[in-house]
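Breakdown of the fold
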Amino acid sequence: MRLPYSRQASRKTRISSFSQAMALGLLCLGLILLGGLQTKAFFPDMIKIPPLNKVPFQPDFQDDQFQGKWYSLGVADNTIQNGNGSQLTMYSVNYELQDDHSFNVNTSMLRDEVCEHSVETLFPGFQPGQFTLGNLTSYRGVMSYIVRVAATNYSHFAMVYVEKIVRFKWYYKMTLYGRTKKLRHKLKERFIKFTTSLDFTKDNIAFSVPIDTQP
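Below is a short write-up of the structure. Because the structure is a prediction, the values reported are computed rather than measured. (Residues numbered from 1 in each chain as written. Predicted model: local features only at pLDDT ≥ 70, side-chain atom pairs only at ≥ 80, totals over all residues. Heavy atoms only, no water.)

1. Structural notes on unusual backbone geometry
Residues other than glycine predominantly adopt negative phi, and peptide bonds predominantly adopt the trans conformation. The condition is simple: Counting from the N terminus, the helices are DSSP H or I runs at least four residues long and the strands are E runs at least two residues long.
Its identity is not glycine, yet Tyr-154 carries a phi of approximately 70°, on the positive side. If you trace the backbone, Tyr-154 turns up in the loop between strand 7 (142–152) and strand 8 (157–166). Positive phi values are uncommon outside glycine, yet Arg-167 reaches one of about 50°. Structurally, the position occupied by Arg-167 is in the loop between strand 8 and strand 9 (169–178).

2. Details of the nonpolar core
As a reminder, the rule being used: Only buried residues count toward a nonpolar core. Its members are Ala, Val, Leu, Ile, Met, Phe, Trp, Tyr and Cys residues joined through side-chain atoms within 4.5 Å. Each residue's exposure class comes from its accessible area (1.4 Å probe, protein chains only) as a fraction of the maximum for that residue type: buried when under 20%, exposed when over 50%, partly exposed otherwise. Between two residues, a contact is recorded if the distance between any of their heavy atoms is within 4.5 Å.
Of all hydrophobic cores here, the largest spans 22 residues; its most connected members are Phe-66, Tyr-95 and Tyr-177. For this core, the elements supplying multiple residues, two or more each, are strand 3 (91–97), strand 4 (103–111), strand 6 (130–133), strand 7 and strand 8. Not counting the four nearest positions on each side in its chain, Tyr-95 is found in contact with Phe-66, Gln-67, Gly-68, Trp-70, Phe-103, Asn-104, Val-105, Leu-122 and Tyr-177. Formed by 21 residues, the second largest nonpolar core is a distinct cluster that contains Tyr-71, Ala-151, Leu-187 and Phe-200.

3. A word on the pattern of salt bridges
Inclusion rule: A pair is scored as a salt bridge if a Lys or Arg side-chain nitrogen falls within 4 Å of a carboxyl oxygen belonging to Asp or Glu.
All chains considered together, the criterion is met by one salt bridge. The closest approach of N and O atoms between Lys-54 and Asp-199, which form a salt bridge, is 3.3 Å. Taken as a pair, Lys-54 in the loop between helix 1 (5–42) and helix 2 (63–66) and Asp-199 in the loop between helix 3 (185–196) and strand 10 (205–209) lie far apart in primary sequence, 145 residues in all. Judged by relative accessible area, which is 35%, Lys-54 ranks as partly exposed.

4. Focus: the packing of aromatic side chains
To keep things clear, this is the line we draw: The aromatic pairing rule takes the rings of Phe, Tyr and Trp, using the six-membered ring of Trp, and pairs them if the centres are within 6.5 Å, calling planes under 30 degrees apart stacked, those over 60 edge-to-face and the rest tilted. To sit over a ring, a charge needs its Lys NZ or Arg CZ within 6 Å of the ring centre and within 35 degrees of the ring normal.
Applying the stated criterion across every chain, the model contains eleven aromatic pairs. An angle of 35° between the planes, with centres 5.4 Å apart, marks the rings of Phe-66 and Trp-70 as tilted. Of the two residues, Phe-66 and Trp-70, both sit in the buried class. With a centroid separation of 6.1 Å and 70° between ring planes, the pair formed by Phe-191 and Phe-207 is classed as edge-to-face. Placement of Phe-191 in helix 3 and of Phe-207 in strand 10 is noted, with a sequence separation of 16 residues between them. Overall, Phe-191 belongs to the buried group, its relative accessible area being 0%. Here the aromatic cluster, defined as three or more aromatic residues joined through ring pairs, consists of Phe-61, Phe-66, Trp-70, Tyr-95, Phe-103, Phe-131 and Tyr-154. Taking NZ or CZ as reference, Arg-179 lies 3.6 Å from the ring centre of Trp-70, over its face. Over the ring of Phe-207 we find Lys-188, and its NZ or CZ is 4.8 Å from the ring centre.

Shown next as structure tokens:
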């Protein structure tokens, strides 16, 4: 039995609409998958980054007590993949507190038997203990730079978290500082336990080798 022309046309229209909807759905799915792949390409470490709300603040942070000289004793860093086989060069940082509660941070590091110096300014953020890098546009490719004091007793140790985005890629680390160059075993174990609770692995962790000639 032959269908009337009007019913045949209606059926063809429905089939055509269904085919177009299917094609559009497949196109959208393809774009979503492509977007996911591109996101992974731009942000390969995004899932591994400890969210800032997981990194604690030092309660009742006192910037006047935090200022002064510190030595780098160790670090958990997402760019380190073989911490046990890594030996870091110890360096010193001097936090100079300014009237506006910003810090001028002077870093001294011995590299190839030459002492190198750098100065950065950290401005206070929305909560005591968090800072952002000043004059960000002068650092090529740096899109964001956040510093947070996660824990300190001011007189012996500090754990400072840094998260930065450079050319759409995340870098993040937790540095262990000491007022002296000596790393006590108890503090070392505390640092390992603390950083692994923030999604760093033991392969991301390395400790500094003291150099007596460092400033």
